[in-house]
Amino acid sequence: MIVSSMRCSRIHGQHSSFVTNLLRRGCVRRRLARQVKVRTCDTLVYSSACKPSTLGSVPKGDGLRQIVKAAFSEAVTAVLSKGTLVDVNISECSGNVIGDYQCNSAMQIFAEMKQSGETPYSSPRSLAEAIVEAIPDRDNLFAQTSVAGPGFVNVTFSADFLAAQVLETVVNSADDGKVSIQPQRNMSLPKLAVVDYSSPNIAKEMHVGHLRSTIIGETLCRALESFGVEIVRLNHVGDWGTQFGMLLTHLQDMQMGSNFAITDLQEFYKESKLRFDKDDDFKARAQSAVVLLQAGDGQMRKLWEEICEISRQDFEEIYSILDMSLIERGESFYNDLIPCVLDDLVKKGIAVENQGALCIFENEESTPLICRKSDGGFNYASTDLAALWQRATQLKADQIIYVTDVGQGKHFNAVFDAANRAGWLDTNRNTKIKLDHVGFGLVMGEDGKRFRTRSGGTVPLRSLLREAQSRCFESLRARNSALDNKELMEASHIMAIAAVKYADLHNNRLTNYVFSYDRMLDMKGNTAVYLLYTHARISTLLSRVEDQDLMLPNSEKFFKNEKERALAVAILKLPDAMHAVVQDLLPSRLCDYAYTLCVAYNEFYSVCKVIGSPEEKSRLMLCRATVFSLRRALFVLGITPLYRL
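Remember, predicted model here, so these are calculated numbers, not experimental data.

Participant: What should I look at first to understand the sheet that holds strand S10 (residues 230-235) in this one?
Facilitator: Sheet strands pair by backbone hydrogen bonding; their relative direction is either parallel or antiparallel. If you trace the five strands from one edge of the open sheet to the other, you get S11-S10-S9-S15-S16, paired in parallel fashion. The two strands at the open ends of the sheet, each matched to only one other strand, are strand S11 (327-328) and strand S16 (434-440). Here four bridges tie strand S9 (residues 192-196) to strand S15 (residues 399-405), and the two strands are oriented parallel to one another. Each bridged residue has a counterpart across the sheet, and for Asp 196 the counterpart in S15 is Tyr 402. Packed onto the sheet, helix H13 (residues 409-422) meets S15 and S16 and runs at close to 175 degrees relative to S16.

Participant: Explain helix H7 (residues 242-254) to me, please; I cannot follow it from the model alone.
Facilitator: Two residues of an α-helix separated by three or four positions point the same way, owing to the 3.6 residues in each turn. The terminal C-alpha atoms of H7, which comprises 13 residues, lie 19 Å apart, in line with the 18 Å expected from a rise of 1.5 Å per residue. Here H7 has its buried residues at Phe 244, Gly 245, Met 246, Leu 247, Leu 248, Thr 249, His 250 and Leu 251. Taken together, the buried residues of H7 touch helix H8 (262-278), helix H9 (280-294) and helix H10 (298-321). Directly after H7, the chain includes Gln 255, whose backbone phi takes a positive value near 55 degrees.

Participant: I'm lost on helix H12 (residues 380-393) in this one. Help?
Facilitator: Taking 1.5 Å as the rise per residue, H12 with 14 residues should run 20 Å; its terminal C-alpha atoms sit 20 Å apart, in good agreement. Extensive coverage of H12 is indicated by the burial of 12 of its 14 residues. Among all positions in H12, only Ala 381, Ser 382, Thr 383, Asp 384, Leu 385, Ala 386, Ala 387, Leu 388, Trp 389, Gln 390, Arg 391 and Ala 392 are buried. Residue Asn 379 occupies the N-cap position of H12, its side-chain oxygen lying 3.2 Å from the main-chain nitrogen of Ala 381.

Participant: Any chance you could explain the side chain of Gln 66 here in plain terms?
Facilitator: Tracing the chain through its elements places Gln 66 in helix H1 (residues 64-79). Note on Gln 66: relative accessible area 16%, which makes it buried. With sequence-adjacent residues up to four places away left out, Gln 66 is seen in contact with Gln 184, Arg 185 and Asp 576.

Participant: Teacher, can you tell me more about the packing of helix H14 (residues 461-478) against helix H15 (residues 485-505) here?
Facilitator: Any two packed helices are characterised by the angle at which their axes cross and by the distance between the axes. Where H14 meets H15, the axes come as close as 8 Å, and the angle between the chain directions of the two elements is 125 degrees. Taken together, the axes of H14 and H15 are oblique relative to one another. Remark: the crossing between H14 and H15 carries right-handed chirality. Contacts from Leu 464, Leu 465, Ala 468, Gln 469, Cys 472, Phe 473, Leu 476 and Arg 477 in H14 reach Asn 485, Leu 488, Met 489, Ala 491, Ser 492, His 493, Met 495, Ala 496, Ile 497 and Val 500 in H15. Here the residues of the contact of H14 with H15 are counted per class, giving 13 nonpolar, four polar and one charged.

Participant: Quick question: what am I supposed to make of the sheet that holds strand S6 (residues 142-148) here?
Facilitator: Pairing within the open sheet is antiparallel, and its four strands lie in the order S4-S5-S7-S6. Only two strands of the sheet have a single neighbouring strand rather than two, namely strand S4 (90-92) and S6. The mean angle between the axes of side-by-side strands here comes to 25 degrees, regardless of whether they run parallel or antiparallel. Judged from the six bridges that link them, S6 and strand S7 (residues 152-157) form a sheet pairing that is antiparallel. By the bridge assignment for S7, Thr 145 is matched with Val 155.

Participant: Help me understand the environment of Val 500, please; the structure alone is not making it clear to me.
Facilitator: Tracing the backbone shows Val 500 in helix H15. For Val 500 and Ser 516, which are 16 residues apart along the polypeptide, the C-alpha to C-alpha distance reads 9.5 Å. Excluding residues that lie within four positions of it along the chain, Val 500 makes contacts with Leu 211, Ile 215, Leu 464, Leu 465, Ala 468 and Met 520.

Participant: Can you help me understand the packing of aromatic side chains in this one?
Facilitator: For the coordinates displayed, the defined rule picks out 14 aromatic pairs. With a centroid separation of 6.0 Å and an interplanar angle of 40 degrees, the aromatic rings of Phe 412 and Phe 416 are classed as tilted. Of this pair, Phe 412 and Phe 416 both sit in helix H13, four residues apart, which is roughly one turn of that helix. Here the aromatic rings of Tyr 601 and Phe 604 are separated by 5.7 Å at their centres, their planes lie at 55 degrees, and the arrangement is tilted. Residue Tyr 601 and its partner Phe 604 are both found in helix H20 (residues 588-607); the two are separated by three residues, about one turn of the helix. Taking relative accessible area as the criterion, Tyr 601 reaches 0% and is therefore assigned buried. Its relative accessible area of 0% is what places Phe 604 among the buried residues.

Participant: What exactly am I supposed to notice about the pattern of salt bridges here?
Facilitator: A side chain of one charge can pair with a side chain of the opposite charge when the charged atoms of the two come close. Counted under the stated rule, the structure contains 38 salt bridges. The shortest N-O distance in the salt bridge between Arg 222 and Asp 323 comes to 3.3 Å. Note that Arg 222 is positioned in helix H6 (residues 211-226) and Asp 323 in the loop between H10 and S11, a separation of 101 residues in sequence. Asp 323 gets classed as partly exposed once you look at its relative accessible area, which sits at 43%.

Participant: For this particular structure, what's the right way to read unusual backbone geometry?
Facilitator: Trans peptide bonds make up the majority, and among non-glycine residues the majority have a negative phi. The phi angle at Ser 199 is positive, at roughly 50 degrees, despite the residue not being glycine. Relative to the elements of secondary structure, Ser 199 occurs in the loop between S9 and H6. Positioned with a positive phi, Gln 355 is a non-glycine residue whose angle comes to about 55 degrees. Locating Gln 355 in the fold gives a position in the loop between strand S12 (351-354) and strand S13 (357-360).

Participant: I tried to follow the nonpolar core on my own but got confused; where do I start?
Facilitator: A general feature of soluble globular proteins is that nonpolar side chains tend to end up buried together. In terms of nonpolar packing, the biggest core is built from 160 residues, with Phe 72, Leu 464 and Leu 590 touching the most fellow members. The dominant element in this core, judged by the number of residues it contributes, is H15, at 12 residues. Non-local contacts of Leu 590, meaning those with residues more than four positions away in its chain, are made with Leu 574, Ala 577, Met 578, Val 581, Ala 633, Val 636 and Leu 637.

Participant: Can you help me understand the side chain of Thr 383 in this one?
Facilitator: Among the secondary structure elements, Thr 383 is positioned in helix H12. Residues in contact with Thr 383, not counting those within four places in the same chain, are His 236, Glu 331, Tyr 334 and Ile 338.

Participant: Any chance you could explain the environment of Lys 432 here in plain terms?
Facilitator: Here Lys 432 lies in the loop between H13 and S16. Look at Lys 432 and you get partly exposed, because its relative accessible area is 47%. Measuring from C-alpha to C-alpha, the distance between Lys 432 and Asp 398 comes to 7.7 Å, with 34 residues separating the pair along the chain. Apart from residues no more than four positions distant in its own chain, Lys 432 is found in contact with Asp 398, Asn 420, Leu 425 and Asp 426. A distance of 2.6 Å separates the side chain of Lys 432 from the side chain of Asp 426, its partner in a polar contact.

Participant: Could you clarify how one ought to interpret the pairing of S16 in this entry?
Facilitator: Counting buried residues along S16, five of its seven residues qualify, which places the element largely inside the surrounding structure. Alignment of S15 against S16, held across seven bridges, turns out to be parallel. Of the residues in S16, the one forming a bridge with Ile 401 is Asp 436.

Quick notes on the rules
Residues numbered from 1 in each chain as written. Predicted model: local features only at pLDDT ≥ 70, side-chain atom pairs only at ≥ 80, totals over all residues. Heavy atoms only, no water. Pairing = 2+ DSSP bridges. Helix = DSSP H or I, 4+ residues; strand = E, 2+ residues; numbered from the N terminus. Contact = heavy atoms within 4.5 Å. Axes fitted to C-alpha atoms, helices over the stretch in contact; angles between N-to-C directions. Expected span 1.5 Å × (residues − 1). Buried < 20%, exposed > 50% of the residue type's maximum accessible area, 1.4 Å probe, protein only. Polar contact = N/O pair within 3.5 Å; in protein donor to acceptor, adjacent residues only side chain to side chain. Parallel < 35°, antiparallel > 145°, perpendicular 65-115°, else oblique. Left-handed = near helix turned anticlockwise from the far one by under 90°. Nonpolar A, V, L, I, M, F, W, Y, C, P; charged D, E, K, R; others polar. Phe/Tyr/Trp six-rings, centres within 6.5 Å; stacked < 30°, edge-to-face > 60°. Salt bridge = Lys/Arg side-chain N within 4 Å of Asp/Glu carboxyl O. Core = buried A, V, L, I, M, F, W, Y, C linked by side-chain atoms within 4.5 Å.

Below, the structure is given as structure tokens:
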């Protein structure tokens, strides 16, 4: 399922109860404290029931849902005429009493066959029964298959199959969670994806409004990278335009040097805006300053670059705290490309003049996308069109993702439409470049309004993160943690960043969400704190058995307790969750997986003794698979795991 740097040189099939040696003596030993060292695995010995050759065709990378879907697709093809392709519908069973997964396609297939007059089956149920009989390698994959009602087919995975998959998860693991996941069969992925996210403005502090784009964008990058996609992380900063004419003129009037902070720049910008709105002479000089800047005037350019550098240093500090790195490619980067890009649109009849402005109309009734103002000036649409052209034709991206608020959806749809009509998305591979606008809702306060300071201003992102860390520190200290003061500071920093990220990511990105420190630091709810405590609990347990060999007795029967089995199923849903993240661009799917996994583990731990129990070896295998899978999820979510609390 998962590929990592850990290797097994030989895999043999042998006759035994399940695994004669899970990991042979001296083969793999792990130390779950701060870092775990992994040695190369020499040999794994499977029972005849779990040999890969007897488990059917289960390609690496397939999650449980995909495995079930592939089995039913093959069965349906066998039952129907050869060459018939049916996209079967697979869903998780609402309760584990009836099974793990359900296929309800028999009713639809029967209806279509009956309508065509070509069915040898008397009812959807009889068709469903025939499909069950045709499932390849059914007895090895599933412990139980049943047909319910008019034709619902429920399947329950066999314990041997689950144990083999859990074992593979342990073997193919990396301690830091940085692993490559093989794509599921028929999964469409780009080779190169450009992700445009964060995008703060020069001369302004990053604030809570940048939080969602930054966190969501980075998670999507990491998810795509997990499948081997090459990612170009672009930070489309606002570093060009009329506002810089105002700011530069104001700084010249004040005879200011460059020895100031980002907060000073923000105040200078506010002062310059007031002057621009009230003083016509200042307004005229500011507009002239923009012309000089765009023409490459040395003095203006030097002061502008100093402003950009001050802002850039502040941004980089925030990105370092959030553990991410982006390529800055602001609006100014595309300025020289705009004229030729607009000329191309004019030549192709896509952009037309209307009342002195250059406009793009999707249709006769649509609101135009203005790409050059009536005074000849460029705007956001001009820059976005040039940026898309450059990313498509020069970077040769296969997919371009824009992560901005949902309010910009209409704007980007118009830009995408223009690019498509211009032929910029066509490639020499007979495919089109995929464009996605990943919209998100607002960050709200607990009063139901936009999250702001008490004075009504935007909340600086640095202040928000500092407050989160302070609260985490006090929370940890109040719980009588065994950590010393230095360790508490480190843990509170990690926990604060994790809490802020997860509070955003676990929500559906399309909706607004309420920012609440109390809620995000709750250790019993769906929070990063709960995930981190679970990870620390497992790591502490495994650190107590670091020198034990993972050898399973021949007579052991796996997953006799329902909580053991439920945990195994939860572990193995990671590939499906990752697939959903990259296909639907919804990070919340991975948060759902991580939370469900932690709940399943804690329920297992509460009723199943691990160390010293007769089932110690198989339960340790479950613990290891859980911690490695959780780390994989946390890494993609941008969360650093804690090993001790």
